[in-house]
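A structural walkthrough
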Amino acid sequence: MGASLVLGIIALVLGLGLRYWINRRKFYRRCPTGAEGFSSYEKSVIIKSSERLGKWIAYALIIFGVLFLWSYSRQKKAKEKASQNMEIQNPR
């Protein structure tokens, strides 16, 4: 397996996992009326800011994961094409 495949899978899983975890925490903070409950204003600001930053990090991880997977597929196609060219040049 190539390094770009492993990095792509890890980045994609971490990004999706982070998004899921943030959205799950936000869901369970809501009361039956739909309002989020915080014990203080300071906690509200800190938690919302950290979740916003976490979502941006998750988006970046997802994008990097997709780019690494795309890079891996391009490398694999290039290897296959090179091996086909070698077979054509050196028939058995």
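Computed from a prediction, not measured in an experiment: that's the story for all the values here.

Let us look at the pattern of salt bridges. Tallied over the entire structure, the rule returns three salt bridges. Between R29 and E36 there is a salt bridge, with the nearest N and O atoms lying 2.9 Å from each other. On the accessibility criterion, R29 (15% relative accessible area) is buried. Overall, the relative accessible area of 23% leaves E36 in the partly exposed class. Between E36 and R30 there is a salt bridge whose closest N-O contact spans 3.8 Å. Overall, R30 belongs to the partly exposed group, its relative accessible area being 37%. Among the ionic contacts, a cluster of salt bridges with common partners joins R29, R30, E36 and E51.

Moving on, we get to the packing of aromatic side chains. Scanning all chains against the criterion turns up two aromatic pairs. Centroid distance F27 to Y28: 5.1 Å. Interplanar angle 80°. Geometry classified as edge-to-face. By the burial criterion, F27 is exposed, and Y28 matches it.

Let us now look at the UniProt feature "transmembrane region" (unreviewed entry) in the protein chain. Sequence positions flagged by UniProt for "transmembrane region" (unreviewed entry) are, in local numbering, residues 6-22 and 56-73. Helix and strand shares over residues 6-22 are 100% and 0% respectively, and the end C-alpha atoms of the span are 24 Å apart.

Here E36 shows up in the loop between α1 (3-28) and α2 (41-89). Linking E36 and K26, residues 10 residues apart in sequence, is a C-alpha distance of 7.7 Å. Those residues in contact with E36, other than ones at most four positions away along the chain, are K26, R29, R30 and K48.

A few words now on a nonpolar patch on the surface. A surface patch of nonpolar side chains, about 620 Å² in accessible area, is lined by L7, I63, F64, L67, F68 and W70. Sorting elements by how many residues they give to the nonpolar patch places α2 first, with five residues. Tracing the sequence through the fold places L7 in helix α1.

Within the element layout of this structure, F38 appears in the loop between α1 and α2. Note on F38: relative accessible area 24%, which makes it partly exposed.

As for its position among the elements, G37 is in the loop between α1 and α2. Using a relative accessible area of 47% as the deciding quantity, one classes G37 as partly exposed.

The rules behind these values
- Residues numbered from 1 in each chain as written.
- Predicted model: local features only at pLDDT ≥ 70, side-chain atom pairs only at ≥ 80, totals over all residues.
- Heavy atoms only, no water.
- Salt bridge = Lys/Arg side-chain N within 4 Å of Asp/Glu carboxyl O.
- Buried < 20%, exposed > 50% of the residue type's maximum accessible area, 1.4 Å probe, protein only.
- Phe/Tyr/Trp six-rings, centres within 6.5 Å; stacked < 30°, edge-to-face > 60°.
- UniProt positions renumbered as here; feature names shortened; annotations may be inferred.
- Helix = DSSP H or I, 4+ residues; strand = E, 2+ residues; numbered from the N terminus.
- Contact = heavy atoms within 4.5 Å.
- Patch = residues over 30% accessible without salt bridge, like charges linked within 9 Å, V, L, I, M, F, W, Y side chains within 5 Å.
- Areas by Shrake-Rupley, 256 points an atom, 1.4 Å probe, with all protein chains shown as cover.

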